[in-house]
Amino acid sequence: MSPQAPILASNEQAFRSTLTESELVERLRQLPEPVAVVTHAKPDGDAAGSVIAMSEALRRCGKTSLGVLAPPAPESLGCLAGWNDLHLLGENAIAEAAQVQAASAIVVDTAAWSQLGPTRALVEPLLPEVIVIDHHLSGDIPSDRYVDTAAAATTEVLTPIVAQLLHHCVGSARFGPVIAQALFTGLATDTGWFRFSNTTARTHRTAARLLEEGVDQAMLYAALEQGDRPEKLALLERAMASLRLIASGRAAVMALEIGDFEQTGAREDETERIVDIPQSVGAVNVVCLATERRTDDGQGVYTRLSFRSKPGPGEVNVASLANRFGGGGHARAAGGRVEAPLAEALPPVVAAIEALFGPA
């Protein structure tokens, strides 16, 4: 298997497109209204950008649409044009999602029921009037779908689709500021601002097109990446204090307990990018950030795992590692979940990482 090939979680199946690009555009034009646009719970820049771009494109085509996000979402994403048009679910997210008035739905940046979280209550009753648009090769939502695993981000998948949709509806393929900024946000954040190995020539061509439409990259970077709260810095300090090198210095592990969040006042979404920091050490090829969290009902505890790896000699496909812990993802970025407190969950993870490298 290629080191770039995604590894599927044990409860998912390989997903491939059931629609061509032109068929997808036609289906989007014919979807019954209102159309809900949803994504995975705890949305990142690509998820939120995809929801904003798709729902705005539908509105410009004269359709009634509503972008719906499940919490928590990074506060920084509030800077995006179109953010205020979204419906952000509250504390009773499942009940709220079930009450959203929609006749069809578009799911972006995931194809897995387990990742939808509360919005599954919105999506499932709408089958078969559901379309998935994604760049991950895994999922179990039984719907028509358009999947492009060569894309760096779902917004890279959406860029030509939205352009065609607008051309059919309004006679112009220009995006306008709301859509262009949303598409660029997903592209930039999912590639680490064009640093990660998923960045391709196609990615740069897509970015150039969006910049030509007036996206202010410097302003967007400052708003999304340079607006952290002091609480996140305090959480980062805790994470770095927990860091230990394993596998003879070829891997790094960090751990955050529930108490670290409570004592610093940091939010769960403020772990973003922390896992990338140890990769600055040349010898470190694999990083794991283990984060202890409460279940949605507040009655239990689980451990979320985030894995990263570097390309090059001796590269490790962390998706195969994540698969052992109830998850999956891409070769360089993957995640898993262990239904146990941090103290119980972490030792098997450390052992699995060390086994990847073998003797020093």
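This text goes with the structure placed above it.
It is worth spelling out the overall build of the protein chain at this point. When helices and strands are tallied, the protein chain shows 13 helices and twelve strands. Relative to the 2.2 N^0.38 estimate, which gives 21 Å for 360 residues, the radius of gyration of the protein chain is 20 Å and therefore close to what a compact globule would have. With respect to the principal axes defined by its C-alpha atoms, the protein chain has extents near 60 × 45 × 40 Å. Expressed as a percentage of its 360 residues, the buried residues of the protein chain come to 51%. Accessible area for the protein chain stands at about 15,100 Å²; split by element, carbon and sulfur atoms hold 51% of it. The averaged location of the 43 negative side-chain charges in the protein chain is 4 Å from the averaged location of its 29 positive side-chain charges.

On to the state of the cysteines, then. For the coordinates displayed, the defined rule picks out one disulfide. Here Cys61 pairs with Cys169 through a disulfide, and the sulfurs are 2.4 Å apart. Handedness of the Cys61-Cys169 disulfide follows from its S-S torsion of about 100°: it is right-handed. One end of the pair, Cys61, is in the loop between α2 (45-60) and β2 (65-69); the other, Cys169, is in helix α6 (residues 154-170), and 108 residues separate them in sequence. With relative accessibility at 21%, the residue Cys61 sits in the partly exposed group.

Before going further, it helps to examine the pattern of salt bridges. Evaluation of the coordinates by the stated rule reveals 23 salt bridges. Linking Arg29 and Glu26 is a salt bridge whose minimum nitrogen-to-oxygen distance equals 3.4 Å. With a gap of three residues between them, Arg29 and Glu26 both fall in helix α1 (residues 21-30), about one helical turn apart. Residue Glu26 is classed as partly exposed on the basis of its relative accessible area of 36%. Put simply, Glu225 and Arg273 hold a salt bridge, and the shortest N to O gap is 3.9 Å. Here Glu225 is found in helix α9 (residues 217-225), whereas its partner Arg273 is found in the loop between α11 (258-264) and β9 (286-294), with 48 residues between them in sequence. Assessed through its relative accessible area of 23%, Glu225 is described here as partly exposed. Accessibility expressed as a relative area gives 21% for Arg273, which makes it partly exposed. Each of Glu75, Arg229, Glu231, Arg267, Asp269 and Glu270 takes part in salt bridges that share partners, so that together they form one network.

Turning next to helix α8 (residues 201-212). An ideal rise of 1.5 Å per residue puts 16 Å on twelve residues; α8 measures up with 17 Å between its terminal C-alpha atoms. All of the buried residues in α8 are Thr203, Thr206, Ala207 and Leu210. Summarising the axial view, the buried residues of α8 lie within an arc of 100°, below the 170-degree limit, and thus occupy one face. Exposed positions of α8 whose direction lies more than 90 degrees from the buried face are Ala201, Arg205 and Glu212. At its buried positions, α8 is contacted by α6 and α7 (177-190). Residue Gly214 follows α8 closely and has a positive phi angle near 105°.

With that settled, consider the sheet that holds β2. Judged by pairing direction, the sheet is parallel, and its six strands sit side by side in the order β3-β2-β1-β4-β5-β6 without closing on themselves. Pairing within the sheet leaves two strands with one partner each, and these edge strands are β3 (87-88) and β6 (144-147). Bridge count between strand β1 (residues 35-38) and strand β4 (residues 104-108): four bridges; the pairing is parallel. Note that in β4 the partner of Val35 across the bridge is Ser104. Sheet strands touched by α1: β4, β5 (130-134) and β6. Its angle to β5, the strand with the most contacts, is close to 135°. On the sheet, α2 packs against β1, β2, β4 and β5 and is oriented at approximately 170° with respect to β2.

Once that is clear, we can look at the packing of α2 against α6. Where α2 contacts α6, the two axes come as close as 10 Å, and the packing angle between them is 5°. In terms of orientation, α2 lies roughly parallel with respect to α6. Where α2 approaches α6, its residues Asp46, Gly49, Ser50, Met54, Ala57, Leu58 and Arg60 are matched on the opposing element by Thr154, Thr155, Leu158, Val162, Leu165, Leu166 and Val170.

Relative to the elements of secondary structure, Lys232 occurs in helix α10 (residues 230-242). By relative accessible area, Lys232 is classed as buried at 12%. In this view, Lys232 contacts Glu270 and Glu272; residues no more than four positions away in its chain are not counted.

Once that is clear, we can look at the pairing of β5. Summarising burial for β5: five of the five residues are buried, a large majority. The two faces of β5 match: Val130, Val132 and Asp134 on one face and Ile131 and Ile133 on the other face are all buried. Of the strand pairs in this sheet, β4 and β5 are connected by four bridges, and their pairing is parallel. Paired with Ile106 across the two strands is Ile131, which belongs to β5. Pairing between β5 and β6: four bridges, direction parallel. Directly across from Ile131, in β6, lies its bridge partner Asp144.

What counts and what doesn't
- Residue indices follow the written sequence of each chain, beginning from 1 at its first position.
- Totals for whole chains, interfaces and linings use all residues, but because this is a predicted model, local features are given only for residues with pLDDT of at least 70 and pairs of side-chain atoms are given and counted only at 80 or more.
- Note: side-chain values were computed over all heavy atoms of the structure, leaving out hydrogens and water.
- Put simply, DSSP marks the helices as runs of H or I at least four residues long and the strands as runs of E at least two long, and each gets a number from the N terminus on.
- Radius of gyration means the value over C-alpha atoms here, while the globule rule gives 2.2 Å times the residue count to the 0.38 power.
- Exposure is judged per residue with a 1.4 Å probe applied to protein chains only, and the accessible area is read against the type maximum: over 50% gives exposed, under 20% gives buried, and values in between give partly exposed.
- Residue exposure ignores everything except the shown protein chains as possible cover, and the areas themselves are Shrake-Rupley values with a 1.4 Å probe.
- His is not counted, nor are the chain ends, whereas Lys and Arg count as positive and Asp and Glu as negative.
- Note on charges: their place is set at NZ of Lys, CZ of Arg, CG of Asp or CD of Glu.
- When two cysteine sulfur atoms lie within 2.5 Å, the pair is treated as a disulfide.
- Whenever a carboxyl oxygen of Asp or Glu lies within 4 Å of a side-chain nitrogen of Lys or Arg, that contact is scored as a salt bridge.
- To estimate the expected span of a helix, count its residues, drop one, and scale the result by 1.5 Å.
- The directions considered for the arc run from the helix axis to the C-beta atoms.
- The contact definition used throughout considers only heavy atoms, calling two residues in contact when any of these lie within 4.5 Å.
- Two strands pair under a simple rule: DSSP has to find at least two bridges between them.
- As a rule, the C-alpha atoms of each element are fitted with a line to give its axis, helices using only the stretch in contact, and angles between N-to-C directions run from 0 to 180 degrees.
- Note on terminology: angles under 35 degrees are roughly parallel, angles over 145 are roughly antiparallel, angles of 65 to 115 are roughly perpendicular, and the others are oblique.

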